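Listed here are the chains, written in short residue letters.
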Amino acid sequence: MGNVGMAARPFGSVLVAGALCVGLFGCGGQQAQEPSGAESSQTSEVVIYDERPYQEALDAWASGSGDTTPHDDSQKSQEIQQAIESVIAPYKGSVSVVVSGVNGSDLECAVDAEVPRTSASMIKLAILATLFDAADSGTLSLDETVTTTSTDMVGGTGSIQSMGAGSAFTLEELAGYMISDSDNTATNLLIDRLGMDAVNTEADKIGLDQTVLERKMMDEDAMAAGQENYTSAEDVATVLRLVAEGRLTNQQYSDMAKGYLLAQSDVDGLLDGVPEGVDVAHKTGTLTNVEHDGGIVYADEPYVIVVMTEGVPNDEATTLIGDVSAAVYEAITA
(Lines give C-alpha, C1' and ligand atoms only; values in the text may rest on other atoms or scores of the structure.)
Protein backbone atom coordinates (compact mmCIF):
# COMPACT_ATOMS: atom_id res chain seq x y z
CA MET A 1 0.00 0.00 0.00
CA GLY A 2 1.07 3.54 -0.50
CA ASN A 3 2.24 5.87 2.25
CA VAL A 4 0.87 9.13 3.55
CA GLY A 5 2.94 11.75 5.28
CA MET A 6 1.84 11.97 8.87
CA ALA A 7 4.16 10.66 11.56
CA ALA A 8 2.34 8.47 14.03
CA ARG A 9 3.06 9.03 17.69
CA PRO A 10 4.55 6.09 19.59
CA PHE A 11 2.26 3.82 21.53
CA GLY A 12 4.62 3.56 24.50
CA SER A 13 7.66 1.66 25.54
CA VAL A 14 6.27 -1.81 24.89
CA LEU A 15 7.86 -3.27 21.75
CA VAL A 16 6.10 -5.55 19.31
CA ALA A 17 7.02 -9.14 20.20
CA GLY A 18 6.96 -11.57 17.30
CA ALA A 19 5.30 -11.50 13.94
CA LEU A 20 1.62 -11.19 13.10
CA CYS A 21 -0.49 -13.92 14.68
CA VAL A 22 -1.11 -16.95 12.58
CA GLY A 23 -4.38 -16.61 10.70
CA LEU A 24 -4.99 -12.91 11.32
CA PHE A 25 -4.69 -11.83 7.73
CA GLY A 26 -5.76 -15.18 6.42
CA CYS A 27 -9.21 -14.60 7.76
CA GLY A 28 -11.75 -13.10 5.39
CA GLY A 29 -14.04 -10.17 6.08
CA GLN A 30 -16.98 -10.16 8.43
CA GLN A 31 -19.22 -13.13 7.64
CA ALA A 32 -22.92 -13.60 8.15
CA GLN A 33 -23.21 -14.30 11.83
CA GLU A 34 -24.03 -18.00 12.01
CA PRO A 35 -22.78 -20.12 14.92
CA SER A 36 -20.04 -22.56 14.11
CA GLY A 37 -21.44 -25.16 16.49
CA ALA A 38 -17.96 -26.06 17.63
CA GLU A 39 -16.80 -25.59 21.19
CA SER A 40 -13.11 -25.38 22.00
CA SER A 41 -11.79 -27.56 24.78
CA GLN A 42 -10.25 -26.09 27.90
CA THR A 43 -6.48 -26.42 28.11
CA SER A 44 -4.37 -26.37 31.24
CA GLU A 45 -1.66 -24.12 29.87
CA VAL A 46 -2.20 -20.39 29.49
CA VAL A 47 -0.67 -19.05 26.30
CA ILE A 48 0.13 -15.34 26.27
CA TYR A 49 -0.25 -13.63 22.90
CA ASP A 50 1.99 -10.60 23.03
CA GLU A 51 1.46 -9.45 19.47
CA ARG A 52 -0.01 -6.29 18.03
CA PRO A 53 -1.39 -7.14 14.61
CA TYR A 54 -1.90 -3.54 13.60
CA GLN A 55 1.65 -2.33 14.31
CA GLU A 56 3.26 -3.23 10.98
CA ALA A 57 0.46 -1.56 9.05
CA LEU A 58 0.73 1.62 11.09
CA ASP A 59 4.53 1.72 10.88
CA ALA A 60 4.38 1.37 7.11
CA TRP A 61 1.74 4.07 6.84
CA ALA A 62 3.61 6.46 9.14
CA SER A 63 6.93 6.21 7.28
CA GLY A 64 5.76 8.00 4.12
CA SER A 65 5.68 11.63 3.10
CA GLY A 66 3.22 13.85 1.32
CA ASP A 67 1.11 16.99 1.50
CA THR A 68 -1.55 16.81 4.20
CA THR A 69 -2.44 20.51 4.14
CA PRO A 70 -6.22 20.86 4.10
CA HIS A 71 -7.85 22.51 1.10
CA ASP A 72 -11.24 24.08 0.50
CA ASP A 73 -13.39 21.29 -0.91
CA SER A 74 -16.73 23.08 -0.61
CA GLN A 75 -17.04 23.63 -4.35
CA LYS A 76 -16.80 19.88 -4.93
CA SER A 77 -19.62 18.90 -2.63
CA GLN A 78 -22.43 19.36 -5.14
CA GLU A 79 -20.61 17.39 -7.83
CA ILE A 80 -19.83 14.56 -5.40
CA GLN A 81 -23.43 14.54 -4.13
CA GLN A 82 -24.73 14.17 -7.67
CA ALA A 83 -22.26 11.38 -8.40
CA ILE A 84 -23.34 9.48 -5.30
CA GLU A 85 -27.04 9.86 -6.02
CA SER A 86 -26.55 8.69 -9.59
CA VAL A 87 -24.83 5.49 -8.48
CA ILE A 88 -27.29 4.58 -5.73
CA ALA A 89 -30.49 5.62 -7.55
CA PRO A 90 -31.65 2.02 -8.16
CA TYR A 91 -31.26 1.28 -4.44
CA LYS A 92 -33.05 4.30 -3.01
CA GLY A 93 -33.98 3.72 0.62
CA SER A 94 -31.60 0.80 1.04
CA VAL A 95 -28.35 2.74 1.08
CA SER A 96 -26.88 5.38 3.38
CA VAL A 97 -23.80 7.36 2.39
CA VAL A 98 -21.66 9.98 4.09
CA VAL A 99 -18.61 11.65 2.60
CA SER A 100 -16.83 14.11 4.85
CA GLY A 101 -13.64 16.10 4.75
CA VAL A 102 -11.21 16.13 7.67
CA ASN A 103 -8.70 18.56 9.15
CA GLY A 104 -10.75 21.65 8.43
CA SER A 105 -12.17 20.70 5.04
CA ASP A 106 -15.79 21.69 4.56
CA LEU A 107 -16.58 18.79 2.24
CA GLU A 108 -19.85 17.17 3.30
CA CYS A 109 -22.20 14.95 1.29
CA ALA A 110 -24.90 12.69 2.66
CA VAL A 111 -27.76 10.43 1.67
CA ASP A 112 -29.97 9.04 4.46
CA ALA A 113 -27.06 9.63 6.79
CA GLU A 114 -29.03 9.38 10.04
CA VAL A 115 -31.21 6.41 9.17
CA PRO A 116 -30.61 3.68 11.78
CA ARG A 117 -29.22 0.52 10.17
CA THR A 118 -28.51 -2.91 11.60
CA SER A 119 -24.91 -2.33 12.58
CA ALA A 120 -23.31 -5.73 12.05
CA SER A 121 -19.63 -5.29 12.96
CA MET A 122 -19.68 -1.50 12.69
CA ILE A 123 -20.78 -1.49 16.35
CA LYS A 124 -17.22 -2.50 17.18
CA LEU A 125 -16.09 1.09 16.57
CA ALA A 126 -18.23 2.27 19.49
CA ILE A 127 -16.78 -0.52 21.66
CA LEU A 128 -13.28 0.61 20.72
CA ALA A 129 -14.08 4.22 21.65
CA THR A 130 -15.39 3.03 25.02
CA LEU A 131 -12.27 0.99 25.70
CA PHE A 132 -9.97 3.91 24.95
CA ASP A 133 -12.00 6.31 27.08
CA ALA A 134 -11.86 3.87 30.00
CA ALA A 135 -8.11 3.46 29.58
CA ASP A 136 -7.61 7.21 29.43
CA SER A 137 -9.63 7.74 32.61
CA GLY A 138 -7.72 5.01 34.45
CA THR A 139 -10.76 2.77 34.83
CA LEU A 140 -8.77 -0.05 33.26
CA SER A 141 -5.36 -0.71 31.74
CA LEU A 142 -4.87 -1.86 28.16
CA ASP A 143 -2.19 -4.21 29.53
CA GLU A 144 -4.80 -6.07 31.58
CA THR A 145 -4.92 -9.74 30.57
CA VAL A 146 -7.99 -11.84 29.83
CA THR A 147 -7.77 -15.63 29.59
CA THR A 148 -10.29 -17.36 27.35
CA THR A 149 -12.54 -20.24 28.35
CA SER A 150 -14.45 -22.68 26.15
CA THR A 151 -17.67 -20.75 26.73
CA ASP A 152 -16.10 -17.56 25.36
CA MET A 153 -15.63 -19.02 21.89
CA VAL A 154 -18.20 -17.96 19.29
CA GLY A 155 -18.43 -18.44 15.56
CA GLY A 156 -18.44 -16.00 12.68
CA THR A 157 -15.31 -14.08 11.86
CA GLY A 158 -12.10 -14.11 13.83
CA SER A 159 -9.14 -16.32 14.60
CA ILE A 160 -9.24 -16.46 18.41
CA GLN A 161 -11.92 -19.16 18.29
CA SER A 162 -9.39 -21.46 16.59
CA MET A 163 -6.67 -20.87 19.19
CA GLY A 164 -8.44 -22.81 21.91
CA ALA A 165 -9.40 -22.03 25.47
CA GLY A 166 -6.68 -21.07 27.91
CA SER A 167 -5.16 -18.43 25.63
CA ALA A 168 -4.47 -15.04 27.22
CA PHE A 169 -4.68 -11.65 25.57
CA THR A 170 -4.26 -8.10 26.76
CA LEU A 171 -7.18 -5.76 26.25
CA GLU A 172 -5.06 -3.94 23.67
CA GLU A 173 -4.57 -7.13 21.71
CA LEU A 174 -8.28 -7.92 21.87
CA ALA A 175 -8.98 -4.48 20.44
CA GLY A 176 -6.65 -5.18 17.54
CA TYR A 177 -8.35 -8.48 16.79
CA MET A 178 -11.80 -6.90 17.12
CA ILE A 179 -11.12 -4.25 14.49
CA SER A 180 -8.47 -5.68 12.14
CA ASP A 181 -9.84 -9.22 12.11
CA SER A 182 -13.43 -8.36 13.10
CA ASP A 183 -13.03 -11.08 15.72
CA ASN A 184 -16.34 -11.86 17.43
CA THR A 185 -14.80 -13.65 20.41
CA ALA A 186 -12.52 -10.68 21.09
CA THR A 187 -15.50 -8.36 20.82
CA ASN A 188 -17.55 -10.30 23.33
CA LEU A 189 -14.66 -10.42 25.79
CA LEU A 190 -14.40 -6.63 25.58
CA ILE A 191 -18.15 -6.22 26.02
CA ASP A 192 -17.95 -8.38 29.14
CA ARG A 193 -15.13 -6.25 30.51
CA LEU A 194 -16.68 -2.88 29.69
CA GLY A 195 -20.41 -3.57 30.05
CA MET A 196 -23.08 -2.74 27.49
CA ASP A 197 -24.24 0.29 29.46
CA ALA A 198 -20.76 1.79 29.26
CA VAL A 199 -20.71 1.39 25.48
CA ASN A 200 -24.09 3.06 25.09
CA THR A 201 -23.06 5.86 27.45
CA GLU A 202 -19.90 6.44 25.43
CA ALA A 203 -21.92 6.51 22.20
CA ASP A 204 -24.08 9.28 23.66
CA LYS A 205 -21.00 11.11 24.94
CA ILE A 206 -19.35 11.37 21.53
CA GLY A 207 -22.54 12.17 19.63
CA LEU A 208 -23.52 8.84 18.11
CA ASP A 209 -27.25 9.51 18.10
CA GLN A 210 -28.38 6.33 16.35
CA THR A 211 -25.92 3.87 17.88
CA VAL A 212 -27.05 1.28 20.43
CA LEU A 213 -25.52 -1.99 21.63
CA GLU A 214 -28.22 -4.45 22.70
CA ARG A 215 -26.58 -7.84 22.27
CA LYS A 216 -23.23 -9.61 22.05
CA MET A 217 -21.91 -11.10 18.83
CA MET A 218 -23.52 -14.40 17.77
CA ASP A 219 -26.14 -14.26 20.53
CA GLU A 220 -28.99 -16.08 18.80
CA ASP A 221 -31.25 -15.98 21.85
CA ALA A 222 -31.00 -12.19 22.00
CA MET A 223 -31.66 -11.93 18.27
CA ALA A 224 -34.71 -14.16 18.59
CA ALA A 225 -35.95 -11.88 21.38
CA GLY A 226 -35.71 -8.89 19.03
CA GLN A 227 -32.52 -7.41 20.46
CA GLU A 228 -30.27 -5.89 17.81
CA ASN A 229 -27.37 -3.47 17.46
CA TYR A 230 -27.85 -0.33 15.41
CA THR A 231 -25.86 2.58 14.06
CA SER A 232 -26.00 5.06 11.18
CA ALA A 233 -23.67 6.23 8.44
CA GLU A 234 -23.31 9.57 10.20
CA ASP A 235 -22.39 7.90 13.50
CA VAL A 236 -19.74 5.76 11.82
CA ALA A 237 -18.40 8.84 10.03
CA THR A 238 -18.23 10.66 13.37
CA VAL A 239 -15.94 8.00 14.86
CA LEU A 240 -13.77 7.92 11.75
CA ARG A 241 -13.42 11.72 11.75
CA LEU A 242 -12.32 11.58 15.38
CA VAL A 243 -9.69 9.00 14.43
CA ALA A 244 -8.50 10.95 11.39
CA GLU A 245 -8.17 14.17 13.37
CA GLY A 246 -6.49 12.65 16.43
CA ARG A 247 -9.52 13.21 18.65
CA LEU A 248 -10.64 9.69 19.51
CA THR A 249 -9.87 10.32 23.19
CA ASN A 250 -6.43 11.70 22.21
CA GLN A 251 -3.75 11.50 19.53
CA GLN A 252 -2.15 8.35 20.94
CA TYR A 253 -5.37 6.35 20.96
CA SER A 254 -6.36 7.75 17.57
CA ASP A 255 -3.07 6.45 16.17
CA MET A 256 -3.76 3.04 17.68
CA ALA A 257 -7.22 2.98 16.11
CA LYS A 258 -5.74 4.05 12.79
CA GLY A 259 -3.32 1.14 12.96
CA TYR A 260 -6.13 -1.34 13.56
CA LEU A 261 -8.13 0.09 10.66
CA LEU A 262 -5.17 0.05 8.29
CA ALA A 263 -4.65 -3.64 9.09
CA GLN A 264 -8.24 -4.53 8.12
CA SER A 265 -8.25 -8.05 6.68
CA ASP A 266 -11.42 -7.54 4.59
CA VAL A 267 -10.26 -5.68 1.49
CA ASP A 268 -13.47 -5.74 -0.57
CA GLY A 269 -15.74 -2.72 -0.85
CA LEU A 270 -14.24 0.73 -0.48
CA LEU A 271 -10.79 -0.39 -1.61
CA ASP A 272 -12.26 -1.54 -4.92
CA GLY A 273 -12.97 2.09 -5.74
CA VAL A 274 -9.53 3.62 -5.14
CA PRO A 275 -6.26 3.09 -7.03
CA GLU A 276 -3.75 0.60 -5.74
CA GLY A 277 -1.33 2.34 -3.41
CA VAL A 278 -3.93 4.60 -1.78
CA ASP A 279 -4.23 3.72 1.90
CA VAL A 280 -7.70 3.17 3.35
CA ALA A 281 -8.12 2.77 7.11
CA HIS A 282 -11.52 1.11 7.28
CA LYS A 283 -14.00 -1.17 9.05
CA THR A 284 -16.51 -3.48 7.42
CA GLY A 285 -19.66 -5.14 8.65
CA THR A 286 -21.67 -8.01 7.15
CA LEU A 287 -24.81 -9.98 7.91
CA THR A 288 -27.19 -11.59 5.45
CA ASN A 289 -28.33 -8.79 3.10
CA VAL A 290 -26.44 -6.25 5.23
CA GLU A 291 -23.16 -4.89 3.92
CA HIS A 292 -21.27 -1.89 5.29
CA ASP A 293 -17.88 -0.30 4.83
CA GLY A 294 -16.57 2.93 6.30
CA GLY A 295 -13.08 4.35 6.25
CA ILE A 296 -10.57 7.14 5.96
CA VAL A 297 -9.19 7.41 2.44
CA TYR A 298 -5.68 8.85 2.43
CA ALA A 299 -5.79 10.59 -0.93
CA ASP A 300 -3.83 13.84 -1.32
CA GLU A 301 -6.76 15.38 0.52
CA PRO A 302 -7.88 12.72 3.04
CA TYR A 303 -11.59 12.16 3.48
CA VAL A 304 -14.02 9.91 5.33
CA ILE A 305 -16.49 7.78 3.40
CA VAL A 306 -19.17 5.49 4.80
CA VAL A 307 -21.52 3.33 2.73
CA MET A 308 -24.15 1.22 4.50
CA THR A 309 -26.59 -1.08 2.71
CA GLU A 310 -29.52 -3.06 4.03
CA GLY A 311 -31.84 -5.32 2.06
CA VAL A 312 -29.44 -5.69 -0.87
CA PRO A 313 -27.83 -9.09 -1.66
CA ASN A 314 -24.31 -9.11 -0.24
CA ASP A 315 -22.33 -9.57 -3.44
CA GLU A 316 -24.36 -6.90 -5.17
CA ALA A 317 -23.96 -4.60 -2.18
CA THR A 318 -20.18 -5.06 -2.12
CA THR A 319 -20.03 -4.07 -5.80
CA LEU A 320 -22.25 -1.07 -5.08
CA ILE A 321 -19.96 0.08 -2.25
CA GLY A 322 -16.99 -0.12 -4.61
CA ASP A 323 -18.88 1.86 -7.26
CA VAL A 324 -19.77 4.61 -4.78
CA SER A 325 -16.16 4.69 -3.57
CA ALA A 326 -14.89 5.00 -7.14
CA ALA A 327 -17.31 7.81 -8.01
CA VAL A 328 -16.36 9.75 -4.89
CA TYR A 329 -12.61 9.27 -5.37
CA GLU A 330 -12.83 10.37 -9.00
CA ALA A 331 -14.80 13.49 -8.11
CA ILE A 332 -12.55 14.44 -5.20
CA THR A 333 -9.30 13.96 -7.07
CA ALA A 334 -10.45 15.49 -10.37
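Now for a look at the structure at hand. Predicted model only: the values in this text are computed from it and were never measured.

### Description of the environment of Ser-182
Next, step 1: Mapped onto the secondary structure, Ser-182 falls in the loop between α4 (171-180) and α5 (184-194).
Next, step 2: Sequence separation of Ser-182 and Ser-159 is 23 residues, and the distance between their C-alpha atoms is 9.2 Å.

### Overview of the packing of aromatic side chains
Next, step 1: Applying the stated criterion across every chain yields a total of three aromatic pairs.
Next, step 2: Where Phe-132 meets Tyr-253, the ring centres are 4.9 Å apart and the plane angle is 20°; that geometry is what we call stacked. Here Tyr-253 lies in helix α9 (residues 251-262) and Phe-132 lies in helix α3 (residues 123-137), a separation of 121 residues in the sequence. Of the two residues, Phe-132 and Tyr-253, neither departs from the other in class, the shared state being buried.
Next, step 3: Between Phe-169 and Tyr-177, the aromatic rings sit 5.7 Å apart at their centres with planes inclined by 85°, giving edge-to-face as the arrangement. In terms of burial, Phe-169 and Tyr-177 fall into one category: buried.
Next, step 4: An aromatic cluster is present here, built from Phe-132, Tyr-253 and Tyr-260 joined pairwise through their rings.

### Here we look at the side chain of Asp-235
Next, step 1: Tracing the chain through its elements places Asp-235 in helix α8 (residues 233-244).
Next, step 2: In this structure Asp-235 is buried but unpaired, with Arg-241 as the nearest side chain of opposite charge at 7.8 Å.
Next, step 3: A polar side-chain atom of Asp-235 sits 2.7 Å from the main-chain amide nitrogen of Gln-210.
Next, step 4: With near-sequence residues (within four places) excluded, Asp-235 lies in contact with Gly-207, Leu-208, Asp-209, Gln-210 and Thr-211.

### A look at the pattern of salt bridges
One side chain can pair with another of opposite charge once the charged atoms of both are near each other.
Next, step 1: This model, assessed by the stated rule, comprises seven salt bridges.
Next, step 2: One salt bridge connects Lys-205 with Asp-133, and the closest N-O pair in it is separated by 2.7 Å. With Lys-205 in helix α6 (residues 196-205) and Asp-133 in helix α3, this pair connects stretches of sequence that are 72 residues apart.
Next, step 3: Look at Asp-133 and you get buried, because its relative accessible area is 16%.
Next, step 4: Across the pair Arg-247 and Glu-245 runs a salt bridge, and its minimum N-O distance is 2.7 Å.

### Concerning the sheet that holds strand β3 (residues 108-111)
Next, step 1: Strands sit in the order β3-β2-β10-β9-β8 across an open sheet of five strands; the sheet is antiparallel. Each edge of the sheet is formed by a strand with only one pairing partner; in this case those strands are β3 and β8 (280-287). Looking at each pair of strands side by side, their axes are set apart by 5° on average, direction ignored.
Next, step 2: Where strand β2 (residues 95-101) and β3 come together, four bridges link them in antiparallel fashion. If you follow Val-98 over to β3, its bridge partner there is Ala-110.
Next, step 3: Strands in contact with α8 are β2, β3, β9 (290-297) and β10 (303-310); relative to β10, the strand with the most contacts, it is inclined by about 155°.

What counts and what doesn't
- Per chain, residue numbering runs from 1 following the sequence as it is written.
- Per-residue local features of the predicted model are confined to residues with pLDDT of at least 70, and side-chain atom pairs are confined, for both listing and counting, to 80 or more; whole-chain, interface and lining totals are unaffected and use all residues.
- To obtain the side-chain values, all non-hydrogen atoms of the structure were used and water was disregarded.
- We count a stretch as a helix when DSSP gives it H or I for four or more residues in a row; a strand needs E for two or more, and each element gets its number in order from the N terminus.
- Side-chain rings of Phe, Tyr and Trp (the six-membered ring for Trp) are treated as a pair once their centres are within 6.5 Å; stacked means planes under 30 degrees apart, edge-to-face means over 60, and tilted covers the remaining angles.
- Only protein chains enter the accessibility calculation, which uses a 1.4 Å probe. A residue is then buried if its area is under 20% of the maximum for its type, exposed if over 50%, and partly exposed in between.
- When charges are tallied, Lys and Arg are placed among the positive residues and Asp and Glu among the negative ones, while His and the ends of the chain are skipped.
- Here, a salt bridge means any side-chain nitrogen of Lys or Arg that lies within 4 Å of a carboxyl oxygen of Asp or Glu.
- The term polar contact refers here to a pair of N or O atoms within 3.5 Å; inside protein, the definition further demands a hydrogen-donor-capable atom paired with an acceptor-capable atom, and it admits residues adjacent in sequence only when both atoms are side-chain atoms.
- Whether two residues are in contact is decided by their heavy atoms: any pair within 4.5 Å suffices.
- At least two bridges found by DSSP between two strands are what make those strands a pair.
- Between N-to-C directions, angles span 0 to 180 degrees; the directions come from axes that are lines fitted to C-alpha atoms, helices contributing only their stretch in contact.

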